[in-house]
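Secondary and tertiary structure notes
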Amino acid sequence: MDPSRKFDRVADVAIDDGRIVEIAPRIAQKGRREVDARGLAVLPGFIDMHVHLREPGREDAETIETGTAAAARGGFTAVACMPNTQPVNDSEAVTTYILKRAREVSKIAVYPIGAITRGSRGETLAEIGEMVRAGIVAISDDGHPVSDGQVMRRALEYSRLFNLPVIDHCEDEALAAGGVVHEGYWSTKLGLRGISPAAEEVQVARDAILARQTGARIHIAHLSTRKSLETVTRARREGGVNLTCEVTPHHLLLTDERVAAYDTHAKMNPPLRGRDDVDALVEGIASGAVDVIATDHAPHTLGDKMLEFDRAPFGVVGLETAVSLVCDRFVRPGVIGLGRLAELFSLNPARILNLERGTLTPGAWADITVLDLGRQTEVRAATFASRGRNTPFEGWSLCGGPAMTVVRGKVVWSA
Amino acid sequence: MASLSQKDLLSIEQLSVDDIGLVLDTAEALREVSARAVKKVPALRGKTVINLFFEPSTRTRSSFELAEKRLSADILNFSASSSSVTKGETLLDTARNLEAMAPDIIVIRHASAGAPHLLGTECRSSVVNAGDGMHEHPTQALLDALTVRSMKGRLEGLKLAIIGDISHSRVARSDTLLFHKMGAEVWVCGPPTLIPADFHLLGARVTGFMEEAIEGADVVMMLRLQNERQNEAFIPSTREYFNLYGLSRERMRGARKNAIVMHPGPMNRGVEIESEVADADYSVILDQVANGVATRMAVLYLLSGNSGLKPGRESR
Amino acid sequence: MRKIKGKSLMTAAEIDLVLTRMAAEIVEKLGPEEAFAVIGIRRRGVPLARRLCRRIEAAVKRPVPLGILDITLYRDDLTAIGNRPMLRETLIDFDIDNRSLVLVDDVLYTGRTIRSALDGLVDLGRPRRVQLAVLVDRGHRELPIQADYVGKTVQTEEDETVEVRLEEEDGEERVVLLGKTQPAAGTRKARGAKSPGRGGGA
């Protein structure tokens, strides 16, 4: 299956020297190694364009080695890692360090994302050009919004020089008002400070306007409300904007009711929303309004998470559950097909990040995700390759998920 | 046989109508103890109670302490200032250290909503929530209910108006849940900036107009307004606040004859309540304080056999 | 109303007769004293105390104060049992200092209820003397306690239960002996503990 060229049939795939050489119904020539994928789905390699690998700085929570191992187990052949490390990836030196570590320890591709502003403080531009030279594929201050409209505008204008996507964490901090959960019945009932959906929606609207004015490429990270999605859809329908968005599996599957027992494994930013928002996001992945599913994989140590709810950090892990969750909840019931799945997890992230990936064309790198839609698994954080155990899906029984991850022709993980 | 089915008292939400009735009946029976010459009974002899207060609180803490002493419990007081919390120890570490001292009951007051839940899930001891952030203050609601029931003979069918800063008030939440559960008609009233989202779903009618809330009310409960709210742009000024939401004698005329006035304290005279109202004979603010001890004795008594039960999750 | 089977120990007429006799004995011993009072132990000691009180008042021709004592808070098995026994109010609205008191209960068994009651009274003041009146003494004492006035002494096995059924509480009037195989009538029985205030209890 390759949605990049509308290919969908039973076929053999021949790989040589890390690249796809031929895809045909029957390839007679004997291979050095053959993998029997009968009954499985062979898709272009999945890319998670929103992960936090924590290295450098918080290696106790995750490392490039453990994070990428988790990604391989989750069916991902590549990840793009956010710059909110310690130090922040706002310079060529940090970018280079991440890429060097990745070459040493990672079996999958790692694409660093650089900071928009120095220290992600939202004040002055980071040395974007130097980071591009070192290998970043996008810029983002993820974890923080770029609150100052003028700074955002400058960053957008500047990014055009490199055709670089700007990934924005949309949150009006004044409106968010130190909230820790979605503002609504549950925040009221639990006595937790609520984050108004307007905090996100106001900035998505601002970004849509700035995207039009500057002509730059904006990708909205972890979009979580119906209104945000409507804003993106409306701007795109009007034309003349380069605006894309991603949603996370947890925003597609959980509502704010999940925080009822003050479980910090359900605390993330943006927060879990209400039923109506969740429904809108699910409609969005089916209709094409949503471009990408990304995990926002945010590992934290248990010690950091086992705190009072309002003091615990935001974030959940997702690399090892995302594909299985989407297969079980959306592909098997027919909400989306395999072609759409490949767009959400492979083709679209590749296009947004300008990667020569997301396709199974002869000549392309042989990055392949093999899915087994009949495979039964149960989410057990204790068995994760990731150091992060902070999943809200513990104990979920899932049917369907990754069976094999192939990077440049090499099987880096198989079930 | 009478007992609360759960190990902990974390919220009004977890209590059934029968549970609430049981606490109130038990508290009523225990009021007699505080009227004795020797105000002490041996019901909790040999039991250890830890008072874990992460927020300054004179009233609630004294009330709990007195209740514990009247039941002959051994008491350990542990407050944020004297604790290792300032040294960066987490709540769970603190709790586990205390747990090692084998207390039977831990009474906790904490600025974070849900902190007692965290403790309850991790500890064998029974945990009593003495106020957690903006979440709940169950013993306050129970003592309010005891006070109202003593004065009015019932809770069902009464109109209760809770007035003030609903957003930041755990008392408003617990009282709303309790009185609604017991069949009273609950109204909450305050400036729209201080009414949290979807509050009506907790079982209250919501209004911004005090006259509407007070009209025909049997009970008027005033909440404290923190001075900070002015700086945080919730209200323009305390003066305007009093004009719109302060309880004056004149406003009380809208309430039912024989209506009573309550306040969980500490009061801001002249901000949310006129002095003359606070001191009037229909004010039962001091009865609330007296009932607080009996209510907390009842809760401690009813929970004192439950430590070691499986940690209870809150029912929804 | 639930009927209880079992060997009959006393009929309504016998209970009435015995109470009259006990009241006479109390009057004989305490009658000359100015200040004495009757205190019923919850639950079935209370109606018995009320009946005794009425008979005594008729004899001495002056009001005799009646108090109600709830011994729950003084039970010695509170630590051992999980469920909390239902607490009821103690209602003694007179000063017990320097007064003679007659404690009234339905059945005297292990003596633990009376021990609790004495502790409870001590917390309320310093009576001049405390005497004990019971309708049935069934033996098997676990503490050195004895009654001053006994309605009837019966021989029982340890695992049997003596049930006092009173009109005010139970809608019928008799005393029965239940064997070990028969279910105890009460629902108030504590898990794994003898329940006080009941024939089968302390």
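Residues numbered from 1 in each chain as written. Chains lettered and ligands numbered in written order. Predicted model: local features only at pLDDT ≥ 70, side-chain atom pairs only at ≥ 80, totals over all residues. Heavy atoms only, no water.

1. Examining the nonpolar core
Here is a general trend for soluble globular proteins: nonpolar side chains tend to be buried in one another's company. Among the nonpolar cores identified, the biggest contains 93 residues, and I220, L252, I285, L341 and F345 of chain A are the most heavily contacted of them. No other element matches helix α12 (residues 322-331) of chain A, which puts seven residues into this core. In terms of nonpolar packing, the next biggest core, distinct from the first, is built from 67 residues, L9, A29, A172 and M182 of chain B among them. (Core = buried A, V, L, I, M, F, W, Y, C linked by side-chain atoms within 4.5 Å. Buried < 20%, exposed > 50% of the residue type's maximum accessible area, 1.4 Å probe, protein only. Helix = DSSP H or I, 4+ residues; strand = E, 2+ residues; numbered from the N terminus.)

2. Observations regarding the pattern of salt bridges
Summed over the entire model, instances satisfying the criterion amount to 58 salt bridges over all chains. A salt bridge links R58 of chain A to D60 of chain A; the nearest nitrogen and oxygen atoms lie 2.8 Å apart. With relative accessibility at 46%, the residue D60 of chain A sits in the partly exposed group. Linked by salt bridges that have partners in common, R44, E163, R165, D170, E172 and R174 of chain C make up one network. (Salt bridge = Lys/Arg side-chain N within 4 Å of Asp/Glu carboxyl O.)

3. Some points on the packing of aromatic side chains
For the structure shown, the criterion picks out eight aromatic pairs over all chains. Consider the rings of Y241 of chain B and Y245 of chain B, whose centres lie 5.6 Å apart with planes at 40°: the pair is tilted. Of the two residues, Y241 of chain B and Y245 of chain B are both situated in helix α9 (residues 238-245); the distance of four residues between them amounts to about one turn of the helix. Cluster of aromatic residues (ring-pair linked, three or more members): F46, F76 and F345 of chain A. Residue placement shows K267 of chain A over the ring face of F314 of chain A; its charged tip is 4.8 Å from the ring centre. Taking NZ or CZ as reference, R61 of chain B lies 5.8 Å from the ring centre of F53 of chain B, over its face. (Phe/Tyr/Trp six-rings, centres within 6.5 Å; stacked < 30°, edge-to-face > 60°. Lys NZ or Arg CZ within 6 Å of the ring centre and 35° of its normal.)

4. Things to note about the sheet that holds strand β8 (residues 166-168) of chain A
Residues and elements named next belong to chain A. Spatially, β4-β5-β6-β7-β8-β11-β12-β13 is the arrangement adopted by the eight strands of the open sheet, whose pairing is parallel. Here the strands that pair on one side only, and so sit at the sheet edges, are β4 (46-51) and β13 (292-293). Looking at chain direction, strand β11 (residues 217-220) and strand β12 (residues 242-247) are connected through four bridges and run parallel. Within β12, the residue paired with I220 across the bridge is C245. The sheet strands contacting helix α7 (residues 197-214) are β8, β11 and β12, and the helix crosses β11 at an angle near 165°. Here helix α13 (residues 338-352) sits on the sheet and contacts β4, β5 (76-81), β11, β12 and β13; the angle it forms with β4, its principal contact strand, is near 65°. (Pairing = 2+ DSSP bridges. Contact = heavy atoms within 4.5 Å. Axes fitted to C-alpha atoms, helices over the stretch in contact; angles between N-to-C directions.)

5. Side note on the packing of α7 of chain A against helix α8 (residues 226-238) of chain A
All names here are of chain A. Interaxial distance between α7 and α8 falls to 8 Å at its minimum, and their mutual angle equals 15°. Looking at the two axes, α7 sits roughly parallel to α8. Seen from above, α7 lies across α8 with right-handed handedness. Between α7, through E200, E201, V204, A205, A208 and R212, and α8, the contact on the second element is made entirely by K227, S228, T231, V232, A235 and E238. (Parallel < 35°, antiparallel > 145°, perpendicular 65-115°, else oblique. Left-handed = near helix turned anticlockwise from the far one by under 90°.)

6. Structural notes on helix α4 (residues 149-160) of chain A
Along an α-helix, a turn takes 3.6 residues, which lines up residues three or four apart on a common side. All names here are of chain A. A rise of 1.5 Å per residue sets the reference length of α4, with its twelve residues, at 16 Å; its end C-alpha atoms lie 17 Å apart and thus fit the reference within 8%. Those residues of α4 that sit buried are V151, M152, A155, L156 and S159. Across the axial projection of α4, the buried residues extend over an arc of 135°, all falling on one side. Tucked inside the fold, the buried residues of α4 contact β7 (138-140), β8, α7 and β11. One side-chain oxygen at the N-terminal end of α4 lies 2.8 Å from the backbone nitrogen of Q150; it belongs to D148. (Expected span 1.5 Å × (residues − 1). Arc of directions from axis to C-beta. Polar contact = N/O pair within 3.5 Å; in protein donor to acceptor, adjacent residues only side chain to side chain.)

7. Some words on the confidence of the model for chain C
Residues and elements named next belong to chain C. Scored by pLDDT, chain C comes out at a mean of 85, with 85% of its residues at no less than 70. Low pLDDT, under 50, characterises residues 184-202; the stretch is placed with 64 contacts to residues that sit more than four places away or in other chains. If you check the scores for this complex, the pTM reads 0.88 and the ipTM reads 0.90. (pLDDT = per-residue confidence, 0-100.)

8. Focus on unusual backbone geometry
Backbone geometry follows two general trends: most residues other than glycine have a negative phi, and most peptide bonds adopt the trans configuration. Cis geometry is found at the peptide bond from E55 of chain A to P56 of chain A, where omega equals 5°. Among the secondary structure elements, P56 of chain A is positioned in the loop between β4 and α1 (64-73). The residue after N269 of chain A, namely P270 of chain A, is reached through a cis peptide bond having omega 0°. Positionally, P270 of chain A belongs in the loop between α9 (249-253) and α10 (275-287). With a phi angle near 65°, S72 of chain B is a residue other than glycine that sits in the positive phi range. Mapped onto the fold, S72 of chain B is located in the loop between α2 (59-70) and β2 (74-79). A relative accessible area of 15% means that S72 of chain B is categorised as buried. The phi angle at A102 of chain B is positive, at roughly 55°, despite the residue not being glycine. Looking at the secondary structure, you find A102 of chain B in the loop between α3 (91-99) and β3 (105-110).

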